[in-house]
Amino acid sequence: MADDCRELRLALWYVDAQTSGVIEPADVGPGGQWLRSASQRDQIEHHAKGWLSEAQPKPCQIQPGCWAFPALALRNRRVTAVIVGVTLEASAFDQPWFGASCREAGVDPASARSGLATYTGPGKADVPLLSAALRQIERDHAQTDLDAVAIDQFSEQLLDSYEQTNLLFRLARAMNGLDNPEDLIPTCCNQMLPVLPFKWIAVKFWDNARDLKGLTNRLVVAGDLPCTTETFHGAVTEQFGGRRQQDWTRLLDPSSGGVPELVGSEVVVDQIIHDDEVVGVLLAGNKVGNSPMESDVSSGEMLFLEATSNLMGVFHENIARFTEQRELFTGTVRALTSSIDAKDEYTRGHSERVAYLGARLAQALGLDAQIVEQVHTAGLVHDVGKIGIPEDVLRKTGRLTDEEFGQIKRHPGIGYEILKGIPAMKPMLPGVLYHHERWDGNGYPEKLKGEGIPLIGRILACADTFDAMSSTRSYRPALPHQAVLDEITRCAGTQFDPRLAPLFVTLNFDGYDQMVQEHQALSGFAA
Ligand SMILES: [Fe+2]
């Protein structure tokens, strides 16, 4: 800019926008020393205050015959300085202020005048032309600044986009885990908050979002609301209460009333939709920005929130399907269990009790909830292979022949064959196949030994034996708990895993006893 102005024979001053302090011209040209006088500085400083408050400051005479052309220097859309070009008309040299300024600056007025004659050229200063020229320079520089601002903004947007895309990716990945939706949605909101410039983000699922258990009808908020959560919750329910609005406006301003008026800011509202039904709403508001323009919600943010609400809709859909599948699976398992019970009334409820005890032992071992669940399911189906054994062998009260016992020993393998085609049964298969293996290697069907027997098989072996001994059979009465537990303790290291047996005998059997009573009532048999 200094070079441009030298071409135009303008002296340049800079006035810092923050301090209003004048930075003297570094190059005032021949004869221009008078510009450094205190009175000139005072004039520039005095006028600069006005220029800083104007959007387009206009050229003006700061002394008779002395013109100033102010231009605002911008950085990131903020005025950082006023650049002041100064030039003289020929008449200025005859003005008293010119002589006074020269003397003040220690310059001889005559030599200043002759120096300036070659620099600015008295009489040659064309105010309208210079004014236009400086405006053009200002525009060029403003454009340059705008370009710099645009580049900065683009970089910021790129960074924001990257962070947002990355967050979407993480949210999508997290939503593949369907086990704890109650935890997932609050976690999503908390992860979105630092990436998006909103003071708060909230999600509410309506009561038709049945499969989300603890989340249904609960408001999840991350960040700070400008009002109480209760008031906000009430306003959200009242305004958006589970209705599908075809002409839904996604960006609402405070003048529209309701939630935006309550929080005093623009609010983005996105519907969470599943199967064409609104199951919830995602809201974000009180955007943080350094300027009114930055406080406006951007199209990028709108897009991100839309993508997130879509993701939550898909998540809800997945949860619903998952629940459906689980119910179907549980139903299948129950049907299988009932079919085993139907074969032999003496063993009614045996599978459920083995499942219960197996799960308790797995819990006592500190296994994951998912593994505990697998042990429970494996317990329910562990004897499903008995479907393939003739009833007269299964119900035989007397001593079994070797051949009959050989038939009985086939049931783990048959169970395995029945279930191996069901993908969801895969983790349970070792429990079905190996629940009759013994720690010492004398079990069946494969005579596995020690830790070579899968843990789920060793767990079910304890539970299965306990229930078999504690139940009435056609050929003997039920044994008391203590006798059974003593037997299990005695067989630790031979029949049972020596680490599991001592733990098993410490379990609380109250729940088990309760089940026995219920099963007795159903079958009419004394267990
Ligand atoms: Fe069995």
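About the cut-offs
- Residues numbered from 1 in each chain as written.
- Predicted model: local features only at pLDDT ≥ 70, side-chain atom pairs only at ≥ 80, totals over all residues.
- Helix = DSSP H or I, 4+ residues; strand = E, 2+ residues; numbered from the N terminus.
- Buried ≥ 20, exposed ≤ 12 C-beta atoms within 10 Å, placed from the backbone.
- Contact = placed C-beta atoms within 7 Å.
- Axes fitted to C-alpha atoms, helices over the stretch in contact; angles between N-to-C directions.
- Parallel < 35°, antiparallel > 145°, perpendicular 65-115°, else oblique.
- Left-handed = near helix turned anticlockwise from the far one by under 90°.
- Nonpolar A, V, L, I, M, F, W, Y, C, P; charged D, E, K, R; others polar.
- Pairing = 2+ DSSP bridges.
- pLDDT = per-residue confidence, 0-100.

J.: Now, about the overall build of the protein chain: what can you tell me, with residues and values included?
T.: From N to C terminus, the protein chain includes 20 helices and 10 strands. Expressed as a percentage of the 527 residues in the protein chain, the buried residues total 34%. The long-range share in the protein chain, meaning contacts at least 24 apart out of those at least 6 apart in sequence, stands at 62%.

J.: Got a sec to walk through the packing of helix H12 (residues 369–381) against helix H17 (residues 455–470)? Specific residues and values, please.
T.: Packing of H12 against H17 leaves a shortest axis separation of 10 Å and a crossing angle of 55°. By the criterion of interaxial angle, the relationship of H12 to H17 is oblique. The handedness of the crossing between H12 and H17 is right-handed. Between H12 and H17, the residues in contact are Gln374, Val375, Ala378 and Gly379 and Ile456, Ile459, Leu460 and Ala463, respectively. Residue composition of the contact of H12 with H17, grouped by class: six nonpolar, two polar and no charged.

J.: Would you mind going over the sheet that holds strand S7 (residues 219–223) in detail, with residue names and values included?
T.: In space, the five strands of this open sheet follow the order S7-S6-S10-S9-S8, with antiparallel pairing throughout. Each end of this open sheet is capped by a strand with a single partner; those strands are S7 and strand S8 (251–252). Two elements, S8 and strand S9 (residues 267–274), share two bridges in a ladder whose sense is antiparallel. Residue leucine 251 lies in a different strand from S9, and its bridge partner there is valine 268. Sitting on the sheet, helix H7 (residues 229–240) is in contact with strand S6 (198–205), S7, S9 and strand S10 (277–287), with an inclination near 125° to S7.

J.: Any chance you could break down the confidence of the model for the protein chain for me, citing the residues and the numbers?
T.: Mean pLDDT for the protein chain: 80, with 78% of residues reaching 70 or above. Within the protein chain, no element has a lower average pLDDT than helix H1 (residues 2–7), which sits at 56, and none a higher one than helix H16 (residues 429–434), at 97. Overall, residues 118–125 carries pLDDT values under 50, and its contacts beyond four positions in sequence, including any with other chains, amount to 22 contacts.

J.: Tell me about the packing of helix H11 (residues 350–364) against H12, residues and numbers included.
T.: Interhelical geometry of H11 versus H12 gives an angle of 155° and a closest axis separation of 7 Å. The orientation of H11 with respect to H12, classified from their angle, is roughly antiparallel. Judged by the sense of rotation from one axis to the other, the crossing of H11 with H12 is right-handed. Counting all contacts with H11, which are made through Ser351, Glu352, Val354, Ala355, Gly358, Ala359, Ala362 and Gln363, the residues of H12 involved are Ile371, Val372, Val375, His376, Ala378, Gly379 and Leu380. Counted by class, the contact of H11 with H12 contains nine nonpolar, five polar and one charged residues.

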